[in-house]
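Topology and contacts: notes
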Number of protein chains: 2
Amino acid sequence: MNFKEELLKAQKRISPYIHNTPVLTSRLLNEIAGAELYFKCENFQKMGAFKMRGATNALLQLTDVQKTRGVVTHSSGNFAQAVALAARNIGIKAYIVMPKNTPQVKKEAVIGYGGIVIESESTPIAREEKAEAVLQETGATFVHPSNDIPVIIGQGTATMELLKAHPDLEALITPVGGGGLLGGTALAAHYFGKNCPTFAGEPQEVDDAYRSLKSGKIESNKTTDTIADGLRTQLGDNNFPIIQKYVSAIICVSESEIIAAMKLIWERLKIVVEPSSAVAFAAVLKDKNRFKNKKVGLILSGGNVDLANLPF
Amino acid sequence: MNFKEELLKAQKRISPYIHNTPVLTSRLLNEIAGAELYFKCENFQKMGAFKMRGATNALLQLTDVQKTRGVVTHSSGNFAQAVALAARNIGIKAYIVMPKNTPQVKKEAVIGYGGIVIESESTPIAREEKAEAVLQETGATFVHPSNDIPVIIGQGTATMELLKAHPDLEALITPVGGGGLLGGTALAAHYFGKNCPTFAGEPQEVDDAYRSLKSGKIESNKTTDTIADGLRTQLGDNNFPIIQKYVSAIICVSESEIIAAMKLIWERLKIVVEPSSAVAFAAVLKDKNRFKNKKVGLILSGGNVDLANLPF
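Keep in mind the model is a prediction, meaning the values are calculated, not measured.

How each quantity is defined
- Residues numbered from 1 in each chain as written.
- Chains lettered and ligands numbered in written order.
- Predicted model: local features only at pLDDT ≥ 70, side-chain atom pairs only at ≥ 80, totals over all residues.
- Heavy atoms only, no water.
- Buried < 20%, exposed > 50% of the residue type's maximum accessible area, 1.4 Å probe, protein only.
- Helix = DSSP H or I, 4+ residues; strand = E, 2+ residues; numbered from the N terminus.
- Pairing = 2+ DSSP bridges.
- Right-handed = clockwise from strand over helix to strand, strands pointing away.
- Least-squares fit on C-alpha atoms with pLDDT ≥ 70 in both.
- Contact = heavy atoms within 4.5 Å.
- Axes fitted to C-alpha atoms, helices over the stretch in contact; angles between N-to-C directions.
- Expected span 1.5 Å × (residues − 1).
- Arc of directions from axis to C-beta.
- Salt bridge = Lys/Arg side-chain N within 4 Å of Asp/Glu carboxyl O.
- Polar contact = N/O pair within 3.5 Å; in protein donor to acceptor, adjacent residues only side chain to side chain.
- Nonpolar A, V, L, I, M, F, W, Y, C, P; charged D, E, K, R; others polar.
- Domains from an automatic or database assignment.
- Buried area = accessible area lost by both parts, 1.4 Å probe.

What follows covers the pairing of strand S3 (residues 71-74) of chain A. All names here are of chain A. The side-chain alternation of S3 yields two buried faces, one formed by Val71 and Thr73 and the other by Val72 and His74. As paired strands, S3 and strand S4 (residues 94-99) are joined by 4 bridges and run parallel to one another. Looking across to S4, one finds that Thr73 is bridged to Ile96. You can see the chain leave S3, run along helix H5 (residues 78-90) and come back into S4, and the turn it takes is right-handed. As judged from the 2 bridges shared by S3 and strand S6 (residues 141-142), these two strands associate in the parallel manner. Its bridge partner lying in S6, Val71 is registered against Thr141.

Here the two chain copies are tied together by a rotation about an axis and a shift along that axis. For the pair chain A and chain B, the relating rotation is 180 degrees, the translation along its axis is 0.0 Å, and the fit reaches an RMSD of 0.0 Å. The symmetry that links the two subunits is that of a two-fold axis. Residue Ile271 of chain A of chain A places its C-alpha closer to the rotation axis than any other residue of that unit, at 2.0 Å. Here 100% of the interface residues in chain A have copies in chain B that are interface residues too; the copies meet face to matching face.

All names here are of chain B. In spatial order, the strands read S1-S2-S10-S7-S8-S9; together these 6 strands make up an open sheet with mixed pairing. For this open sheet the edge positions go to strand S1 (23-24) and strand S9 (247-253), each flanked by a neighbour on one side alone. Relative to the sheet, helix H11 (residues 239-246) contacts strand S8 (198-203) and S9, its axis offset from that of S9 by approximately 100 degrees.

For an α-helix, the turn length of 3.6 residues means that residues three or four places apart are oriented alike. All names here are of chain A. Between its terminal C-alpha atoms helix H7 (residues 124-138) stretches 21 Å, which fits the 21 Å expected from 15 residues at 1.5 Å a residue. Regarding H7, the residues found buried are Ala126, Arg127, Ala131 and Val134. Projected down its long axis, H7 shows its buried positions confined to an angular sector of 135 degrees, all on one face. Seen from the buried face of H7, the exposed residues on the opposite side, beyond 90 degrees, are Ile125, Glu129 and Gln136. Where H7 is buried, its residues meet S3, S4, strand S5 (116-120) and S6. Just downstream of H7, Gly139 is the residue with a positive phi angle, here 75 degrees.

Chain A puts 18 residues into the contact, and the matching count from chain B is 18 residues. Where chain A touches chain B, the interface holds 0 salt bridges. Where chain A touches chain B, the interface holds 6 residue pairs in polar contact (both at pLDDT 80 or more). A total of 4 residues in the side of chain A that touches chain B trace back to one element, the largest contributor, which is helix H12 (residues 255-269) of chain A. Across the side of chain A that touches chain B, the residue classes tally to 9 nonpolar, 4 polar and 5 charged.

Residue and element names in this part refer to chain A. By the assigned domains, chain A splits into domain 1 (3-49 + 149-304) and domain 2 (52-142). Each of domain 1 and domain 2 has a C-alpha centre, and the two are 24 Å apart. Counting from both sides, the interface comprises 25 residues of domain 1 and, opposite them, 16 residues of domain 2. Here domain 1 packs against domain 2, burying approximately 1,600 Å² in sum over the two surfaces, 58% of which is carbon and sulfur. Ranking the residues of domain 1 by area buried against domain 2 places Arg13, Tyr17 and Met47 at the top, with a combined share of 42%. Our count for the contact surface shared by domain 1 and domain 2 stands at 3 salt bridges. Its salt-bridge partner being Arg53, residue Glu161 comes within 2.9 Å of it at the nearest N-O pair. Linking domain 1 with domain 2 are 9 residue pairs in polar contact (both at pLDDT 80 or more), by the criterion used here.

The subject of this paragraph is the pattern of salt bridges. For side chains of opposite charge, pairing can occur when their charged atoms come near one another. All names here are of chain A. Tallied over the entire structure, the rule returns 28 salt bridges over all chains. The residue Arg290 makes a salt bridge to Asp287 at a minimum N-O spacing of 2.7 Å. Overall, Arg290 belongs to the partly exposed group, its relative accessible area being 35%. Among the charged side chains, a network of salt bridges with common partners joins Lys40, Glu42, Arg53 and Glu161.

Following this line, the structure appears as structure tokens:
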């Protein structure tokens, strides 16, 4: 596959449906980090997260027959909302399999965007089986939150926008959970940056991506006890080879480092970001020597957070 | 005084020292309000609030002799930081009288911007006496947080920027505390808007401005028990006549309405604003009929908030 061409097509394809989000800077955060930071604010993206890009790119490539049957995914997070909203924008049905114990507010957000919520038990297997059952019944097309190539490519468009505004970035960094954002970012940085390596921040508590890069095979997590709820998933067979090839390093951060970085972003940039977004910034603060005096682009992944349940 | 000319001069004078802050919109908030809302984000202003405009405008008009002696103000809030930062930008001394019981974090913010903190007892009279003593000792020039004409004019520049970007606004609304922002906004809307009346939101708990407009003289508050800590002050003799002449109405809102509006702004615009900022939006939601289907500009006054002490 010609990734460069796919990225360019994706950008053109999805641009009517997404925001070219703003890039924020802060002199004080630069001083703290000892680097020049450019925050790409996907918290201002439609439905509040970068996931809108990948979902839109995937859904727009369905055939007419597929469109009449709709799409199905399993997610309790931002991808659920992204697929629901992207589907509504295009005029197709979206079946969203969500665990029974998903907070009501998240179900309502999906329903608010016109998605059809289907409840499952909360184990990964139960979710996949339920999605499979919906597929069988409806003929809908399955879209994976982070491992489908059109989704990965779509996520890369945030970096294309960032590099267009700031072509001389010397490093890019994202959080890594399922690997869709990281894979897409690494491809975009490779094809559209000028010698701009890609890094990731990952919570120590779910360091499967870090271990996967070390071992050379996809590792999983025994526990997923992190505040960064968007990063509890593991890499997939499509994004892992991309990450192996194009990602320079993964930097693991503790829960307290994530919370401290999140607080700095809220206080200094005056924006609401979810804990997962703070993981990339926490990694920059942890590994200062690596980024010293460099121009660093950070993807702030999203801003969907429960204000009644903040860590500070 | 030719206010129009002063506003134009102020805009030119302060532009190297301030941000032309972004304007945010939200389809969902428009639906909730039944109006088309344009949020002028002064929470993204330098030091985090519109006060930077007025302070800068006032300090830049000092004579060379005055500059050598510095400035003094009394404030425990955003104006303290604004004067400290504006003074540092211009290269002069700033003496900031703050009550002893001011939270340490606020004192440190002023010191961080290079201001000289001078403690006083916490009564208004004690603060004024202390400021007077500093004046006598240093020969510094006193700058009032909301009642000096250059400060009032400086605050109006936010509305000039907003009207330049959206010339067809049909109403403007700000919070009102000391009246500097409201006075400056009303002047700017009068001279640069097209039939664009100005309104204010005010906490019911400190409704002195509302009562002042009714009685025709400056009223004060017996208690100031509101979460909107920037709005606990009362109108001054310079801004009151401007407000009487150019402000159409003041809409009072309850504490729970302020908190609900603040939460909506955080959740939907994904930005951090202080409670005072939410008062204008709360007023729009309270008096929906007045703004129905209109294009309304709201000044979000600032984003300096204690994250450890949120109302939700």
